[in-house]
Amino acid sequence: MEVFKNPQNVGEIPDADGEGTLGNPKCGDVMKVQIKVEKDDKGKEVITDCKVQTFGCVAAIASSSTMTDMVIGKTVEEAKKLTNAEVAEELGGLPPVKMHCSNLSADALKKAIENYEKKRS
Amino acid sequence: MVEMKEVYLDNGATTMVDPLVVKAMQPLFSEIYGNASSLHHQGEAAKHKLNEAREAIAKAINAKFDELIFTSGGTESDNLAILGVASAHDKSLKDHIITSKIEHPAVLNTCKYLESLGYSVTYLDVDTEGFIDLDQLENSITDRTLLVSIIHGNNEIGTIQDVEAIGKICKKHGVLFHMDAVQSFTKTSIDVKKIDVDLISMSSHKIHGPKGVGALFVRKGTKIASVFKGGGHEFKLRPGTENVPGIVGFAKAVSLASSSHIKQMSKLRDKLIRSVLDEIPNTKLNGPKGDRRLCNNVNISFASLEGEALGAYLDIEGICTSTGSACSSQTLEPSHVLLSIGVSHEIANGTLRMTLSRFTKEEDIDYTIDALKRYVEKLRKMSPINTIIKKL
Ligand SMILES: Cc1ncc(COP(=O)(O)O)c(C=O)c1O
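Residues numbered from 1 in each chain as written. Chains lettered and ligands numbered in written order. Predicted model: local features only at pLDDT ≥ 70, side-chain atom pairs only at ≥ 80, totals over all residues. Heavy atoms only, no water.

Visitor: Now, about the layout of surface pockets: what can you tell me, with residues and values included?
Guide: Residues and elements named next belong to chain B. When its volume is computed, the second largest pocket comes out at roughly 320 Å³. Every residue lining the second largest pocket is counted, 18 residues in all, and those nearest its centre are His-152, Gln-161, Asp-162, Val-163 and Glu-164. Top element by residues in the lining of the second largest pocket is helix 7 (residues 163-172). It accounts for three residues. For the lining of the second largest pocket, a count of residues per class yields eight nonpolar, four polar and six charged. (1 Å grid on protein atoms, 1.4 Å probe; cavity = no way out; pocket = protein on both sides within 12 Å on 5 of 7 lines; lining within 4 Å. Points joined across faces, edges and corners; volume = space filled by probe spheres on them. Helix = DSSP H or I, 4+ residues; strand = E, 2+ residues; numbered from the N terminus. Nonpolar A, V, L, I, M, F, W, Y, C, P; charged D, E, K, R; others polar.)

Pasting the structure below:
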């Protein structure tokens with residue numbers, strides 16, 4: 001799994017506009033997602049950066065990296081629609097027993113977006 | 001392309017077949033291929049090879065020729081020992097079995113099966129190093145106890161039980177004693193004249209022999225019945241045409257094992273343990289140190305990372321290991337052995353098992369230590385800071 005060898009967008013954004021941490025009690029995975037949001041020339045809110053820190057297994061690390069790649073450049077509204085299944089599909093599929101790991105990344109992103117919207121309002 | 005380095009540290013799972021074993025097996029496929037039960041010269045030749053192999057393996061544990069039953073491996077030997085003894089006894093008199101909480105599934109699930117048939121099973125606790133409590137064992141024996149089944153060398157954490165003491169207790173109370181020696185056979189001395197043991201399970205593929213062959217030592221006079229129904233092979237205890245090539249390979253593998261290998265593996269094991277504990281912070285050895293640990297077993301927990309991910313990074317470097325983490329199992333439950341010695345779920349998930357063989361070289365260990373340092377750091381850096389709370 002290439003993404004696992006070199007996970008993208010690992011780390012922290014010091015001046016993040018939104019962040020969310022999510023843990024999976026069953027296998028102990030924890031994921032922290034941070035986003036940076038800017039308005040484009042049409043006034044739309046676009047995610048310009050997304051970084052993630054992951055404590056977890058191969059599937060969790062790979063899916064968190066894939067999620068960041070999928071979401072950077074998307075508008076906040078588009079990003080909200082990202083589903084766990086889409087992340088898993090982009091990854092090339094996961095065995096059913098591992099689905100819980102990838103579920104984390106889309107959900108953690110949603111938490112980060114919620115946090116951003118709360119801060120903004 | 002540069003050839004990838006291969007460091008195989010999963011010898012607890014299975015081992016490379018020694019090329020000398022392959023050579024010894026070769027003639028048994030297309031030259032001496034008779035059924036050992038046949039009376040013609042092909043059958044005679046096969047029978048001769050079978051007898052030679054039985055003699056050699058029996059001798060290795062100081063047993064008699066007719067006390068060794070060949071099976072299809074450790075799992076079958078464990079099943080035959082437990083189910084065979086149970087079915088040969090009157091359940092209305094003897095319906096209690098004692099085992100431990102850290103058995104291999106081959107024993108654990110066989111005991112659970114007997115529970116479903118109405119037997120009662122005591123699962124002995126273990127201490128933080130994986131040793132059973134001999135007093136608890138003795139106190140658990142009742143007049144309904146039939147069998148005590150205890151793993152000799154633990155496959156995950158390497159604990160070697162005091163089987164001489166266990167055997168004495170069993171003998172004193174007239175209870176049969178089975179030991180699963182699949183991991184310990186050839187890695188620590190087993191002498192049936194010194195240990196009061198009635199049944200011993202062994203497996204070929206853990207000792208550089210072929211897969212699908214094993215043996216069960218059955219002390220003369222032990223009441224046991226066959227589990228499979230069929231012909232009269234293996235002293236009427238295990239029907240089925242004998243796997244002569246496999247058995248010959250198994251015997252060759254036994255003959256190639258030596259106590260100098262134990263010393264050599266222990267030395268490398270201790271170097272690996274010492275280097276990891278000294279050079280990587282927040283690490284902990286599971287299982288005992290020194291002579292009471294299998295000479296080839298290393299089991300270490302790394303705080304703040306997932307063992308499955310660490311194993312996957314090592315695999316990229318050509319290093320094969322295994323893990324007790326929940327993520328690597330179908331059930332998403334961490335290892336029952338680690339939980340039994342008091343390791344938390346969280347820490348059990350960050351555990352790696354590295355098992356050596358006589359083919360492991362010092363440079364393999366150095367290479368592994370270097371890779372471990374790099375990837376443990378990488379994974380910990382990836383981890384959100386707030387999860388690095390659990391100090392070891
Ligand atoms: C302690 C122990 N018992 C039994 C077995 C089963 O042996 P086999 O693979 O030969 O069936 C194993 C191997 O995994 C083992 O480690």
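Visitor: Give me the lowdown on unusual backbone geometry, citing residues and values where you can.
Guide: For Asn9(A), which is not glycine, the phi dihedral falls at a positive 55 degrees. By the element assignment, Asn9(A) lies in the loop between helix 1 (2-5) and strand 1 (18-24). Notably, Lys236(B) is not glycine yet its phi reads approximately 65 degrees, a positive angle. Locating Lys236(B) in the fold gives a position in helix 8 (residues 233-236). By relative accessible area, Lys236(B) is classed as exposed at 68%. (Buried < 20%, exposed > 50% of the residue type's maximum accessible area, 1.4 Å probe, protein only.)

Visitor: Account for the sheet that holds strand 5 (residues 145-151) of chain B, with residues named and values stated.
Guide: All names here are of chain B. Sheet architecture is open: seven strands sit in the order 2-8-7-6-5-3-4, paired in mixed fashion. Each edge of the open sheet is held by one strand with a lone partner, namely strand 2 (68-71) and strand 4 (120-124). Averaged over all neighbouring strand pairs, the angle between strand axes comes to 20 degrees, with direction disregarded. Examined bridge by bridge, strand 7 (residues 199-203) and strand 8 (residues 214-218) share five bridges and lie antiparallel to one another. (Pairing = 2+ DSSP bridges. Axes fitted to C-alpha atoms, helices over the stretch in contact; angles between N-to-C directions.)

Visitor: Which residues make up the nonpolar core, and what are the values?
Guide: Counting 61 residues, the largest nonpolar core has Ile35(A), Ile47(A), Leu109(A), Phe302(B), Leu310(B) and Leu372(B) as the members making the most contacts within it. The residues touching Leu109(A), leaving out its near neighbours within four places in the chain, are Val33(A), Ile35(A), Met67(A), Val71(A), Ala79(A) and Leu82(A). Counting residues in hydrophobic clusters, the runner-up holds 57 residues, among them Met25(B), Ile61(B), Ile132(B) and Ala251(B). (Core = buried A, V, L, I, M, F, W, Y, C linked by side-chain atoms within 4.5 Å. Contact = heavy atoms within 4.5 Å.)

Visitor: Go over empty space enclosed by the protein, please, and point to the residues and values.
Guide: All names here are of chain B. The tally for this structure, following the rule as stated, stands at one cavity of 30 Å³ or more. Roughly 100 Å³ of volume is contained in the largest cavity. Lining of the largest cavity is provided by 13 residues; of these, Thr-186, His-208, Ala-257, Met-265 and Arg-358 occupy positions nearest its centre. For the lining of the largest cavity, the leading source of residues is helix 10 (residues 259-279), giving three residues. Residue classes in the lining of the largest cavity are distributed as five nonpolar, five polar and three charged. Taken domain by domain, the lining of the largest cavity gets at least three of its residues from each of domain 1 (7-15 + 258-388) and domain 2 (19-256). (Domains from an automatic or database assignment.)

Visitor: Break down the site of the ligand for me, citing the residues and quoting the values.
Guide: Residues and elements named next belong to chain B. Not every one of the 13 residues close to the ligand is listed here, only the nearest: Thr-75, Asp-180, Gln-183, Ser-203 and Lys-206. In this structure, Asp-180 approaches the ligand through a side-chain N or O atom, which is 2.7 Å from a nitrogen atom. Within the side chain of His-205, a nitrogen or oxygen atom sits 2.8 Å from an oxygen atom of the ligand. Relative to its unbound accessible surface of 390 Å², the ligand loses 85% to contact with the protein. Looking at the shell around the ligand, the element that brings in the most residues is helix 4 (residues 74-88), giving three residues. For the shell around the ligand, the class distribution of residues is two nonpolar, eight polar and three charged. (Near = heavy atom within 4 Å. Polar contact = N/O pair within 3.5 Å; in protein donor to acceptor, adjacent residues only side chain to side chain. Areas by Shrake-Rupley, 256 points an atom, 1.4 Å probe, with all protein chains shown as cover.)

Visitor: I'd like to hear about helix 14 (residues 362-382) of chain B, residue by residue, with values.
Guide: Taking 1.5 Å per residue, 21 residues should reach 30 Å; helix 14 of chain B reaches 30 Å between its end C-alpha atoms and fits that length. Taken as a whole, helix 14 of chain B has its buried residues at Asp364(B), Ile365(B), Thr368(B), Ile369(B), Ala371(B), Leu372(B), Tyr375(B), Val376(B), Leu379(B), Arg380(B) and Met382(B). (Expected span 1.5 Å × (residues − 1).)

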